[in-house]
Amino acid sequence: MSSAEPAGALAGLKVIDLSRVLGGPYCSQMLADHGADVIKVEPPQGDETRGWGPPFDAEGISAYFAGINRNKRKIALDLARPEGRAVLLKLLEPADVLIENFKTGTMEKWGLGYSETLAQTFPRLIHARVTGFGADGPMGGYPGYDAMVQAWAGLVSVNGAPESGPVRIGVPVVDLATGMNACMGILMALYERQRSGKGQFVDATLYDSAIALHQPHAPNYFMAGLTPKLYGNSHGNLAPYANFPTKGRNIVIGAGNDAQFRKLAQLLGKPALADDPRFRTNKDRIANKPALEAELRALTAERDGEAFATELMENGVPSGAVFEVPDVMEHPHTRHRGMVWEKDGYRNVGNPVKLSRTPPEVRSKPRTFGHDTRAVLREHGYSDADIDALLKAGVALVEPKKA
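Everything numeric here is computed off the predicted structure, so don't read it as measured data.

All right, on to the nonpolar core then. Ranked by internal contacts, the top residues of the largest apolar core, which has 33 residues, are V15, L31, V97, I99 and I186. Per-element tally for this core: the top contributor is helix 7 (residues 173-196), with 6 residues. Setting aside residues up to four positions removed in sequence, L31 forms contacts with L10, V15, A36, I99, C183, I186 and L187. Judged by nonpolar contacts, the second largest core, of 30 residues, contains L77, L88, F102 and A396.

Spelled out as structure tokens, the structure:
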């Protein structure tokens, strides 16, 4: 980056990222995109998502790994060995943040627990831990993967249709939400550190993040004791809010108030629908939702989906053509919003957090295993002879260890 270019909002922040798979790496990528110096420390076999393919690029990096590991320097250490942990402690000396998602108790077993060791040795350090269920409680210490936590936390139970039964949400929403929550927690802790001068522990779990996503199902339960039903493409509190067929793409229509429903009826060429006693208010429409959706399906069936969705939006009625992923990634508005980043052959989804003076950017594409091991160790005071010895002993690595 030249002196004429703006530094990211987090320039000067140093992050040691020990996490693997999705939640933790997504968190650290959010920080890295905004200028933090993130050093990703991989285990000897590498982050397992390096093998989650095809597809792979020309350097053998999987698309899955590439999606959440840009803008990071990559080193590898065997932290199961005391010598590896000694190197980690050296890396932490100038660090602001540590991110990890080891199995509960691992850091403590290694003598690196937050309260017992890290907070004493590095009092300004923010230690963020991403786990499935936390360290204690009835499910404390259980392993956490997105789909399984979706099930335990009730998200699978509210997704799907009566015909399909409960269905896993098609994106790893729990992992991603946990990464975002960990990122927010880190930034909050950094802000508080300006007042206190002290770091703290950030506890981000998949289970908590999943439960926090239950809108409006949790409020419905707490207010009226309601158990959510499977509505498929419909909504339990709002109508119409559903997926409708057209002669092209399906479209999703959501009339959030009575005025929007009246406008929808007009644009469908049947304004009398808005005066039908069954459909005058949202409460009426919810009570008569099957009849309402049948009326609307008949009216949308001969429309061109994308064109009609655009017409509805232009007239203030929320709607959306059901695009597939290639359609979205090549759409001009996606480009306009800067949501596809490219660099040196790398192409992926951009960062959604836009700042006016210090925007995020792609500075480096995802790197191969151990790409920066030598440079990072040298930067932290190790001589070339020291580095050679660590590599020879298998404490530090530049090539993945064979399983």
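Read on for the rest.
Take the pattern of salt bridges next. The full count for this structure, using the stated rule, is 27 salt bridges. For the salt bridge of R50 with E42, the shortest nitrogen-to-oxygen distance reads 2.7 Å. For the pair formed by R50 and E42, the shared burial category is buried. For E306, the salt bridge identified is with R249, shortest N-O distance 3.4 Å. One end of the pair, E306, is in helix 13 (residues 305-314); the other, R249, is in the loop between strand 9 (241-244) and strand 10 (251-254), with 57 residues separating them in the sequence. The class for E306 is partly exposed, based on a relative accessible area of 34%. Through salt bridges with shared partners, a single network forms among K14, D37, R73 and E379.

So, about the sheet that holds strand 5 (residues 126-131). The mixed open sheet is built from 7 strands, whose spatial order is 8-5-4-1-2-3-14. Edge positions in the sheet fall to strand 8 (201-205) and strand 14 (396-397), since each of these pairs with one other strand and no more. For strand 3 (residues 72-77) and strand 14, the ladder comprises 2 bridges, and the chain directions are antiparallel. Its bridge partner being in strand 14, A76 is matched across the sheet by L397.

Another point: the pairing of strand 2 (residues 37-42). When you tally the buried positions in strand 2, you get 5 out of 6 residues, the bulk of the element. In the sheet, strand 1 (residues 14-17) pairs with strand 2 via 4 bridges, with the strands oriented parallel. Bridged to K14 within strand 2 is D37.

Let us look at the sheet that holds strand 11 (residues 319-321). Pairing in this open sheet of 3 strands is antiparallel, and the strands run 9-10-11 from one edge to the other. A strand with exactly one partner marks an edge of an open sheet, and here the two such strands are strand 9 and strand 11. Recorded for the sheet is a direction-independent mean angle of 15° between the axes of neighbouring strands. Pairing of strand 10 with strand 11 involves 3 bridges; the strand directions are antiparallel. Following the sheet pairing, I251 is matched in strand 11 by A321.

Calculation notes
- Residues numbered from 1 in each chain as written.
- Predicted model: local features only at pLDDT ≥ 70, side-chain atom pairs only at ≥ 80, totals over all residues.
- Heavy atoms only, no water.
- Core = buried A, V, L, I, M, F, W, Y, C linked by side-chain atoms within 4.5 Å.
- Buried < 20%, exposed > 50% of the residue type's maximum accessible area, 1.4 Å probe, protein only.
- Helix = DSSP H or I, 4+ residues; strand = E, 2+ residues; numbered from the N terminus.
- Contact = heavy atoms within 4.5 Å.
- Salt bridge = Lys/Arg side-chain N within 4 Å of Asp/Glu carboxyl O.
- Pairing = 2+ DSSP bridges.
- Axes fitted to C-alpha atoms, helices over the stretch in contact; angles between N-to-C directions.

Purely spatial values, then, with no claim about function.
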